[in-house]
Each structure stands twice: as C-alpha cells, then as structure tokens.
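# Chains, contacts and geometry: an overview
Next come the chains, spelled out residue by residue.
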Amino acid sequence: GDSVTQMEGPVTLSEEAFLTINCTYTATGYPSLFWYVQYPGEGLQLLLKATKADDKGSNKGFEATYRKETTSFHLEKGSVQVSDSAVYFCALSDQAAGNKLTFGGGTRVLVKP
Amino acid sequence: GAVVSQHPSRVICKSGTSVKIECRSLDFQATTMFWYRQFPKQSLMLMATSNEGSKATYEQGVEKDKFLINHASLTLSTLTVTSAHPEDSSFYICSARALHTQETQYFGPGTRLLVL
C-alpha cells in the first residue's frame with residue numbers, strides 16, 4: 001500500500017536558519033504530493049503541492065520538488081521565522097487508491113528568536 | 001476560496017451522551033468529505049469518506065454505529081459520536097474535496113472533543 005515517511009522531530013532552529021524536512025513515499029500509481037502545515041490548536045492548511053514529476057511547489061518561501069527517481073518531496077525554506085513554528089505533514093494522494101490522502105507522521109518545527 | 005468550517009470548535013460532554021460535529025464547505029460544493037481523528041502529537045487517521053447522497057465508507061476498525069456520518073448536501077457533512085466515552089476524546093478534523101480538484105483536500109479547523 002501507499003506510505004509516506006518523513007523525518008521525526010522536533011526540529012529546533014534559530015530564526016533565519018535554513019530548514020529542510022525530508023519526505024519519501026511509496027505509491028502504486030502516480031501520486032500527487034502535498035505539504036500541509038498545522039499551527040497549534042488548529043486544523044491543517046495546504047502549504048504547497050506538486051502533481052507530477054519535476055514539478056516544484058512553492059508558497060510563503062517554502063519549496064518542494066517532486067523527485068520521482070528518488071521518490072522524495074523534501075520541504076525547504078531558506079530563512080525561517082518564529083511564525084513558522086508548527087507541525088508539517090507530508091502527504092500523497094493516489095488516484096489508484098481513490099484519491100485518499102496518506103499522511104506522514106508529521107514533523108514538529110520550533111523556531112527560536 | 002476553498003474554506004471549510006467546523007462547528008463546534010470545542011465541546012465538553014458527559015460520558016454516555018451524543019455529540020454532533022458539523023463540517024461545511026463555505027464557498028464551494030464538496031462532493032466528498034473526509035473525517036479524521038488526531039491524537040496528541042500524532043498524525044491524522046482517516047475514519048471515513050463521505051459522498052453526498054450516499055452512505056459513508058468507513059476505514060477498517062472504525063465503528064459505523066458509534067461514528068454516524070451524514071452528508072445530506074454538497075456543503076454539509078455531520079459526524080455524530082454516539083454514547084461518547086472518555087476514550088473518544090480527541091481532535092476531529094474534516095476535509096472537503098471539490099469536483100474540480102480531485103486530488104486536493106481542504107481542511108476544517110478541527111473540533112476538540114473532551115468526554116468526562
């Protein structure tokens with residue numbers, strides 16, 4: 001079945017540091033890939049997505065590139081802010097599985113001033 | 001666009017009572033809605049998929065009679081936790097998918113349920 005693996009947190013960074021959260025996946029079909037962000041006490045917000053190989057999703061300074069050869073979708077941001085402190089979820093949607101979302105375990109990021 | 005609301009945002013109830021949670025898509029028609037459960041510091045667990053006008057499809061291990069789902073219109077789905085017990089305390093999150101965005105789900109803000 002489909003699965004998503006992402007690095008465990010927590011990840012603690014200083015403001016303006018570079019952030020990378022690794023995400024790899026396995027899927028039977030050709031999935032779309034997503035990063036969602038969850039701020040404390042809130043639901044999930046779509047951060048960015050990519051629907052085919054080599055696509056780059058970007059939003060709010062975050063980027064992730066769909067790498068089919070390495071089955072990865074790593075999230076990066078060049079200079080984090082305290083407001084980026086949240087839990088980040090990598091997910092895939094596989095048409096072969098009825099477009100259900102499969103989530104990774106989530107990575108908690110804490111940015112200190 | 002693509003806003004999903006949930007009501008209530010927080011509910012406390014006594015053991016044995018039933019609680020209804022509403023999920024609404026505010027600016028689009030949601031042909032499919034999903035209900036998730038999230039335990040503290042854990043990922044989301046899909047409970048059921050709800051298609052408008054038809055019965056919900058439950059994931060393995062989720063009790064249909066305990067978690068009643070109704071998707072009566074293209075903008076509203078409800079989850080009723082029947083005879084709630086303390087172990088049902090959790091964060092319940094819904095998401096909605098529009099017909100024209102088959103792979104993208106938009107999430108509600110979640111409902112925190114505490115059963116005493």
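Residues numbered from 1 in each chain as written. Chains lettered and ligands numbered in written order. Predicted model: local features only at pLDDT ≥ 70, side-chain atom pairs only at ≥ 80, totals over all residues. Heavy atoms only, no water.

## Structural notes on the overall build of chain A
Quick reminder of the rule: Counting from the N terminus, the helices are the DSSP runs of H or I reaching at least four residues and the strands are the DSSP runs of E reaching at least two. Each radius of gyration is computed over the set of C-alpha atoms, and the globule rule expresses the reference value as 2.2 Å times the number of residues to the power 0.38. For this analysis, residues touch if any pair of their heavy atoms sits within 4.5 Å. We get accessible surface area from the Shrake-Rupley algorithm with a probe of 1.4 Å; when it comes to residues, only the shown protein chains can shield them. Positive charge is attributed to Lys and Arg, negative charge to Asp and Glu, and no charge count is given to His or to the chain ends. A single reference atom marks each charge: NZ on Lys, CZ on Arg, CG on Asp, CD on Glu.
Per the secondary structure count, chain A includes 0 helices and 12 strands. Taking 2.2 N^0.38 as the reference for a compact globule, 113 residues should give roughly 13 Å; the C-alpha atoms of chain A span a radius of gyration of 13 Å, in line with that estimate. Taken along its principal axes, the extent of the C-alpha atoms in chain A is 45 × 30 × 20 Å. Taking the intrachain contacts of chain A between residues at least 6 apart in sequence as the baseline, contacts between residues at least 24 apart amount to 56%. About 5,400 Å² of surface is accessible on chain A, with carbon and sulfur atoms providing 48% of the total. For chain A, the centre of its 10 positive side-chain charges and the centre of its 12 negative side-chain charges are spaced 3 Å apart.

## Some details on the sheet that holds strand β7 (residues 56-59) of chain A
All names here are of chain A. What counts, and what does not: Two strands qualify as a pair provided DSSP detects at least 2 bridges between them. Only the stretch in contact is used when fitting a helix axis, every axis being a line fitted to C-alpha atoms; angles between N-to-C directions are given from 0 to 180 degrees.
In spatial order, the strands read β3-β9-β8-β7; together these 4 strands make up an open sheet with antiparallel pairing. For this open sheet the edge positions go to β3 (19-21) and β7, each flanked by a neighbour on one side alone. Taken over all neighbouring pairs, the strand axes of this sheet differ in orientation by 15 degrees on average, direction set aside. Of the pairings in the sheet, the one linking β7 to strand β8 (residues 62-65) comprises 4 bridges and is antiparallel in character. For K56, the partnering residue across the bridge sits in β8 and is T65.

## Notes on a nonpolar patch on the surface
Residues and elements named next belong to chain B. Test applied: Put simply, a patch holds well-exposed residues, over 30% relative accessible area, that have no salt bridge, with like charges counted together within 9 Å and Val, Leu, Ile, Met, Phe, Trp or Tyr side chains within 5 Å. A pairing counts as a salt bridge when a side-chain nitrogen of Lys or Arg comes within 4 Å of a carboxyl oxygen of Asp or Glu. Burial status follows relative accessibility: with a 1.4 Å probe on protein chains alone, a residue under 20% of its type maximum counts as buried, one over 50% as exposed, and anything between as partly exposed.
A surface patch of nonpolar side chains, about 310 Å² in accessible area, is lined by I12, L114 and L116. Mapped onto the elements, L114 comes out in strand β11 (residues 111-115). Since its relative accessible area comes to 39%, L114 is described here as partly exposed.

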